[in-house]
Amino acid sequence: MVVGCVIGTVIASGRMPVRELLAVDGSSLAHRAWHSTRQDPEADRDGAVTAAFVSMLASTWALGPYSALLVAFDHPVNHRRRDFPEYKAQRSATPEGLRHALERTLTHLVEAGVAVRREEGVEADDLLAAVADEARRRRLTCDLLSSDRDLIALVGGPVRLLRPRQRFNDLAIEDEAQVRATYGVEPAQYVDLAALRGDPSDGLAGAPGIGPARAARLVSDHGSVTAIYRALPDLPPAIARGLRDGRDDVERNLLLMSPLPHLDVALAEVVGRPAPLDALADLVDDLGFPGAARRLRRVADAPPASVTMPPVPPPPSDRDAPD
């Protein structure tokens, strides 16, 4: 099914057909859950972050609903940081409370029977890339839930990205048309754009003088970073100079921003069984968070025809669009 047609149907009817798989960046969601509960008097209770995680999962489930669920987590051992010490080096150390909450949330999900994936040296977005590739091969409709913009490169065909912005319920729904409109390139070209521009949030410098808009124009005109560098003699001198000066950084960025290949996420084990939402709701209820449990049960028990789509998010802000 063409994604654009699906969204058109949603806008006309206010309802979303069942999608087959929701793949969640568990580390991203758990980080957000931890920050949302830090000022809460109940935050010290075991399971507070898991309950916030489940509430966000319930909000997202209404965009499907989905037949299956997979959650991926970053591994504490990170091969990118090992090989490139500058990668995310500007970030402060993970607070011990956050580290504990991440592990407890992962454990709670496993206890409830949720399909969880984590692999040494690998980040959650690498695993979600493997999920997206396999979903395409199996022709499964798949939504990726993550705030990581690098996953924009995975959008296409049956795969969309649901990207929380400042407020979680303000989800950017990225399909191919939305990526073209926002960034000016095809989804598969997004990594080339990001490599040229750099990513300050990960401590990665790009080519000097090449901002998002110029990077988008270069990629749109030439197709890829490789083709851009082949065309250096034909580019304006100032742009060519910036590209030459930043070539090592751009090539490093391409390597770091591309997903690790050949990861096995055993998707066949996930697609063949329904998401254990009832068990997850029971676990959160037992932890002492009945509100989060009720919210998840409500979307789990609602028949597909009665699940309405939340309001369409506003257009991307200037912060999201190329400058």
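### Side note on the overall build of the chain
Counting secondary structure elements, the chain contains 15 helices and eight strands. Taken over 323 residues, the chain has a buried fraction of 50%. Here the analysis covers contacts within the chain between residues at least 6 apart in sequence; of these, 70% occur between residues at least 24 apart. Entry remark: accessible area of the chain is about 15000 Å², with carbon and sulfur atoms responsible for 52%.

### Re empty space enclosed by the protein
In the structure shown here, the tally under the stated rule is two cavities of 30 Å³ or more. Taken as a whole, the largest cavity holds about 80 Å³ of empty space. If you go around the largest cavity, the residues you meet are D125, D126, A129, D150, L151, A153, L154, V191, M257 and P259. With three residues, helix α6 (residues 124–138) is the largest single contributor of residues to the lining of the largest cavity.

### Quick notes on the pairing of strand β1 (residues 19–25)
Counting buried residues in β1 gives six out of seven residues, a clear majority hidden from the surface. Where β1 lies against strand β2 (residues 66–72), six bridges are found, and the strand directions are parallel. The residue of β2 that forms the bridge with D25 is A72. As paired elements, β1 and strand β4 (residues 142–145) share four bridges and run parallel to each other. Within the sheet, the bridge partner assigned to A23 lies in β4 and is L144.

### Comments concerning the sheet that holds strand β6 (residues 171–174)
Read from one edge to the other, the open sheet built from six strands follows the order β3-β2-β1-β4-β5-β6, with strand pairing classed as mixed. Only two strands of the sheet have a single neighbouring strand rather than two, namely β3 (115–117) and β6. Taking the axes of each pair of neighbouring strands and ignoring which way they run, one obtains an average angle of 20 degrees across the sheet. Packed on one face of the sheet, helix α2 (residues 26–37) meets β1, β2, β4 and β5 (159–164) and runs near 65 degrees to β1.

### Digging into α6
Over its 15 residues, α6 extends 21 Å from the first C-alpha to the last, a length consistent with the 21 Å expected when each residue adds 1.5 Å. Among the 15 residues of α6, eleven are classified as buried, and the element is accordingly described as predominantly covered. Among all positions in α6, only A124, D125, D126, L127, L128, A129, A130, V131, A132, E134 and A135 are buried. Count one or two residues on from α6 and you reach R139, which has phi positive near 60 degrees.

### What about the confidence of the model for the chain?
Confidence in the prediction for the chain averages 84 pLDDT; 82% of positions are at 70 or higher. Below a pLDDT of 50 lies the segment residues 1–16, which in the model reaches 28 contacts outside its immediate sequence neighbourhood of four places, other chains included. pLDDT under 50 marks residues 305–323. Its contacts with residues more than four places away, or in other chains, come to 41 contacts.

### Topic: the packing of aromatic side chains
Aromatic ring pairs: the centre-centre distance and the angle between the two ring planes describe each pair. Enumeration over the complete set of coordinates arrives at two aromatic pairs. Centre to centre, the rings of W61 and Y66 are 5.3 Å apart; their planes meet at 70 degrees, and the pair counts as edge-to-face. Look at Y183 and Y190: their rings are 5.3 Å apart centre to centre, the planes differ by 75 degrees, and that puts the pair in the edge-to-face class. The same class applies to Y183 and to Y190, which are both buried.

### Looking at the side chain of R117
Topologically, R117 is positioned in strand β3. By relative accessible area, R117 is classed as buried at 16%. Only 3.4 Å separates the side chain of R117 from the backbone oxygen of A266, close enough to count as a polar contact. For R117, the residues in contact, after removing those within four places along its chain, are L70, V71, A72, F73, L127, V265, A266, E269 and V270.

### Comments concerning helix α8 (residues 190–197)
The element α8 is largely enclosed, with a buried count of seven among its eight residues. Within the span of α8, buried status applies to Y190, V191, D192, L193, A194, A195 and L196. Where α8 is buried, its residues contact α7 (176–183), β7 (198–199), α9 (212–222), α10 (225–230), α11 (237–245) and α12 (247–257).

### Some words on the pattern of salt bridges
By the definition in use, this model includes 14 salt bridges. We note a salt bridge from R163 to E174, for which the minimum N-O separation is 3.1 Å. On the criterion of sequence distance, the pair formed by R163 in strand β5 and E174 in strand β6 is long-range, its members being eleven residues apart. You can call E174 buried: its relative accessible area is 2%. Taken together, the shared-partner salt bridges connect R19, D143 and R160 into one network.

Procedures and definitions
- Residues numbered from 1 in each chain as written.
- Predicted model: local features only at pLDDT ≥ 70, side-chain atom pairs only at ≥ 80, totals over all residues.
- Heavy atoms only, no water.
- Helix = DSSP H or I, 4+ residues; strand = E, 2+ residues; numbered from the N terminus.
- Buried < 20%, exposed > 50% of the residue type's maximum accessible area, 1.4 Å probe, protein only.
- Contact = heavy atoms within 4.5 Å.
- Areas by Shrake-Rupley, 256 points an atom, 1.4 Å probe, with all protein chains shown as cover.
- 1 Å grid on protein atoms, 1.4 Å probe; cavity = no way out; pocket = protein on both sides within 12 Å on 5 of 7 lines; lining within 4 Å.
- Points joined across faces, edges and corners; volume = space filled by probe spheres on them.
- Pairing = 2+ DSSP bridges.
- Axes fitted to C-alpha atoms, helices over the stretch in contact; angles between N-to-C directions.
- Expected span 1.5 Å × (residues − 1).
- pLDDT = per-residue confidence, 0-100.
- Phe/Tyr/Trp six-rings, centres within 6.5 Å; stacked < 30°, edge-to-face > 60°.
- Polar contact = N/O pair within 3.5 Å; in protein donor to acceptor, adjacent residues only side chain to side chain.
- Salt bridge = Lys/Arg side-chain N within 4 Å of Asp/Glu carboxyl O.

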